[in-house]
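Coordinate inspection notes
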Amino acid sequence: MVSVTELLKDPAVNAYILHMIGEQGIELIRNFPEGEEHSDEELAEETGVNLNTVRHTLYTLYEKRLAEYRRLKNSETGWLTYLWHLRLDRVHEVIEEEIRDVLDHLDARLTYEEKNDFYMCKNCGVIYTFTDSANWNFECPNCETMLEHFDNELVATALRRRVDKIKESLGSA
């Protein structure tokens, strides 16, 4: 298993985690005791990171499947204690999933750009599809200026390039 220090040396992983949990979160995971489970209170005490930040960081990591917990119930008080451990070994697969989600979104946008014809109001700067424009007799519904054809080829080309680059980085070009 790769250590947190080694993972954070990877610029892409470091940027991803930093964006997700911030500097204080990075401080928490750097000082997280390896191979052990700890409560959020213990982690705050051991790492010197504010308890609210510890909780926010752990829940954020949990949402991405990069942290897990085990729940213990105190039989006398009924209180629940959550014992946390990191699963940063999953970070590469989580990043890849997010990249694939972005790719799906960009692919859908590219399809939309390629399958539609657009018209623009030079006054308002708003762009409409052919269908909407035709419904309004090619007159802007806001200011009644005549709509002009909008060439979206630059947008489609930029999207195509981005999609191709992402597919290439994923090895699926």
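Above this text sits the structure in question.
What you are looking at is a predicted structure, and each value in this text was computed from that prediction instead of being measured. (Residues numbered from 1 in each chain as written. Predicted model: local features only at pLDDT ≥ 70, side-chain atom pairs only at ≥ 80, totals over all residues. Heavy atoms only, no water.)

1. What about the packing of helix 2 (residues 11-31) against helix 5 (residues 91-115)?
Taken N-terminus to C-terminus, the directions of helix 2 and helix 5 make an angle of 75°; their axes are 11 Å apart at the nearest point. In terms of axis orientation, helix 2 runs roughly perpendicular to helix 5. When helix 2 is examined against helix 5, the residues V13, Y16 and I17 are found in contact with a partner set consisting of V91, H92, V94, I95 and E98. A breakdown of the residues in the contact of helix 2 with helix 5 according to their chemical character gives six nonpolar, one polar and one charged. (Axes fitted to C-alpha atoms, helices over the stretch in contact; angles between N-to-C directions. Helix = DSSP H or I, 4+ residues; strand = E, 2+ residues; numbered from the N terminus. Parallel < 35°, antiparallel > 145°, perpendicular 65-115°, else oblique. Contact = heavy atoms within 4.5 Å. Nonpolar A, V, L, I, M, F, W, Y, C, P; charged D, E, K, R; others polar.)

2. A word on the pattern of salt bridges
A full pass over the atoms with the stated rule returns 15 salt bridges. As a salt-bridge pair, R70 and E37 come within 2.6 Å of each other at their nearest N and O atoms. On the criterion of sequence distance, the pair formed by R70 in strand 1 (residues 67-73) and E37 in the loop between helix 2 and helix 3 (40-47) is long-range, its members being 33 residues apart. Given a relative accessible area of 39%, R70 falls into the partly exposed group. E37 gets classed as partly exposed once you look at its relative accessible area, which sits at 29%. R65 is the salt-bridge partner of E93, the closest N and O atoms lying 3.2 Å from each other. Placement of the pair is E93 in helix 5 and R65 in the loop between helix 4 (51-63) and strand 1, with a sequence separation of 28 residues. Residue R65 is classed as partly exposed on the basis of its relative accessible area of 33%. (Salt bridge = Lys/Arg side-chain N within 4 Å of Asp/Glu carboxyl O. Buried < 20%, exposed > 50% of the residue type's maximum accessible area, 1.4 Å probe, protein only.)

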